[in-house]
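If you want the building blocks of each chain, they are given just below.
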Amino acid sequence: AIIERMNLEVFSNLDLLSVGIAVAAIGILGFTVFFNNPKSITNKTFLGFALVAILWNIANYASTLPLNKEIAVWVVRGVLFPAVWYCFFLFQIFYVFPRHQVRFPFYYRFVLVPLAIFASLLTLTPWVFSDIQTSSWDGRIERVDVAPGIFVFGITVVFFIGSGFFTLLKKILNAHLQTKRALQVILAGAAITFLLYIIFNFIFPAFLNNTRFIPLGAVFT
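Residues numbered from 1 in each chain as written. Predicted model: local features only at pLDDT ≥ 70, side-chain atom pairs only at ≥ 80, totals over all residues. Heavy atoms only, no water.

Let's talk about the overall build of the protein chain
Okay, step 1: Scanning the protein chain from terminus to terminus reveals seven helices and two strands.
Okay, step 2: Its helices and strands in sequence order give the protein chain the pattern α-α-α-α-β-β-α-α-α, from N to C terminus.
Okay, step 3: A burial count over the protein chain gives 45% of its 221 residues as buried.
Okay, step 4: Considering only contacts in the protein chain between residues 6 or more positions apart, those separated by 24 or more positions represent 66%.
Okay, step 5: Here the protein chain has roughly 12600 Å² of accessible surface; of this, 72% comes from carbon and sulfur atoms. (Helix = DSSP H or I, 4+ residues; strand = E, 2+ residues; numbered from the N terminus. Buried < 20%, exposed > 50% of the residue type's maximum accessible area, 1.4 Å probe, protein only. Contact = heavy atoms within 4.5 Å. Areas by Shrake-Rupley, 256 points an atom, 1.4 Å probe, with all protein chains shown as cover.)

This is the structure in C-alpha cells:
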C-alpha cells in the first residue's frame, strides 16, 4: 500500500507538470495568434478555443484528484461544461478558417449558439450527473450516477465535432493549393488529437478500467 501511494504521488507530480506546461503553451499560442490580428474572426475563434481548452483540461485534471463527494460532483460537471464549448469552438474554427470576416447564417446564430448554451448549462444540473456513485480508497472518482441529460450532451458534442470535420473536409476538396495545405495540417492535428482522446480518455477508462492517462488530455490538445 505504501509503494502504491508513492507511485501515485510520483505520477501525480508528473501529470501536474505535463498539464501545466501544456496549458501554458496553449495559452501563449492562443494569445499570440489573437494579437497577430485581433480583428480576424479566425484569430478570435482560435483564442476562444484556446481559453476553453485550458478550462476543460484544468477541470479534467482536477477530476482525477482526491476530492470529497460534494466537490467531486461539481468538478465532474465542470469537465462537461467547457467540453461543449470546446467542441463548439472547434467547429467554428473549421467553419471560419482562413477568413478574416464571416457573416454567420441564421441557423448559426439562432440554432447552433443556443444549442451550445443550452447543452452547456444542462451539464451543470443533476439531469446529467446526479451524484458520485463510488470513490477509490483515497477519494478519487471512480463512477458517477448518470442521468438522461447525458444524451443531450453526447448528441451535441458529436454533432459539433462531426459537422466540424465534415465542413473541413468539404473546404479541403474545394480549396486552392496553398489554402488546401493549411487545411490539411489542421485536419491532421485534429485527427491525431481526437484519436488520442478516444484511445486514452474513452477506451482505456471504459473497457480497460485504466484512468491513468486521463490527466494527459492537455498534452493531446
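Having seen the structure, we can now continue with the description.
Let's talk about the packing of aromatic side chains
Okay, step 1: Summed over all chains, the structure comprises 25 aromatic pairs.
Okay, step 2: On the numbers, 5.5 Å between centres and 80° between planes, the contact of Trp85 with Phe88 is edge-to-face. Placement of the pair is Trp85 and Phe88 together in helix H3 (residues 69-96), with a separation of three residues, close to one helical turn.
Okay, step 3: Assessed through its relative accessible area of 4%, Phe88 is described here as buried.
Okay, step 4: Judged by centre distance (5.9 Å) and plane angle (20°), the ring pair of Tyr95 and Phe104 falls under stacked.
Okay, step 5: Note on Tyr95: relative accessible area 15%, which makes it buried.
Okay, step 6: The class of Phe104 is buried, set by a relative accessible area of 17%.
Okay, step 7: An aromatic cluster is built from Phe49, Trp56, Tyr86, Phe94, Phe165, Phe194, Tyr197, Phe200, Phe213 and Phe220, whose rings are joined through pairwise contacts.
Okay, step 8: In this structure, Arg77 packs its charged tip against the face of Trp74, placed 4.7 Å from the ring centre.
Okay, step 9: Over the ring of Tyr95 we find Arg99; its NZ or CZ atom is 5.7 Å from the centre of that ring. (Phe/Tyr/Trp six-rings, centres within 6.5 Å; stacked < 30°, edge-to-face > 60°. Lys NZ or Arg CZ within 6 Å of the ring centre and 35° of its normal.)

A word on the confidence of the model for the protein chain
Okay, step 1: Taken residue by residue, the protein chain gives an average pLDDT of 86. The fraction at 70 or more is 87%.
Okay, step 2: When mean pLDDT is taken per element in the protein chain, helix H4 (residues 106-122) scores highest with 96 and strand S1 (residues 129-135) scores lowest with 69. (pLDDT = per-residue confidence, 0-100.)

Overview of H3
Okay, step 1: Along its 28 residues, H3 runs 41 Å from first to last C-alpha, staying within 8% of the 40 Å computed at 1.5 Å per residue.
Okay, step 2: Of all 28 residues in H3, 22 are buried, a share of seventy percent or more. (Expected span 1.5 Å × (residues − 1).)

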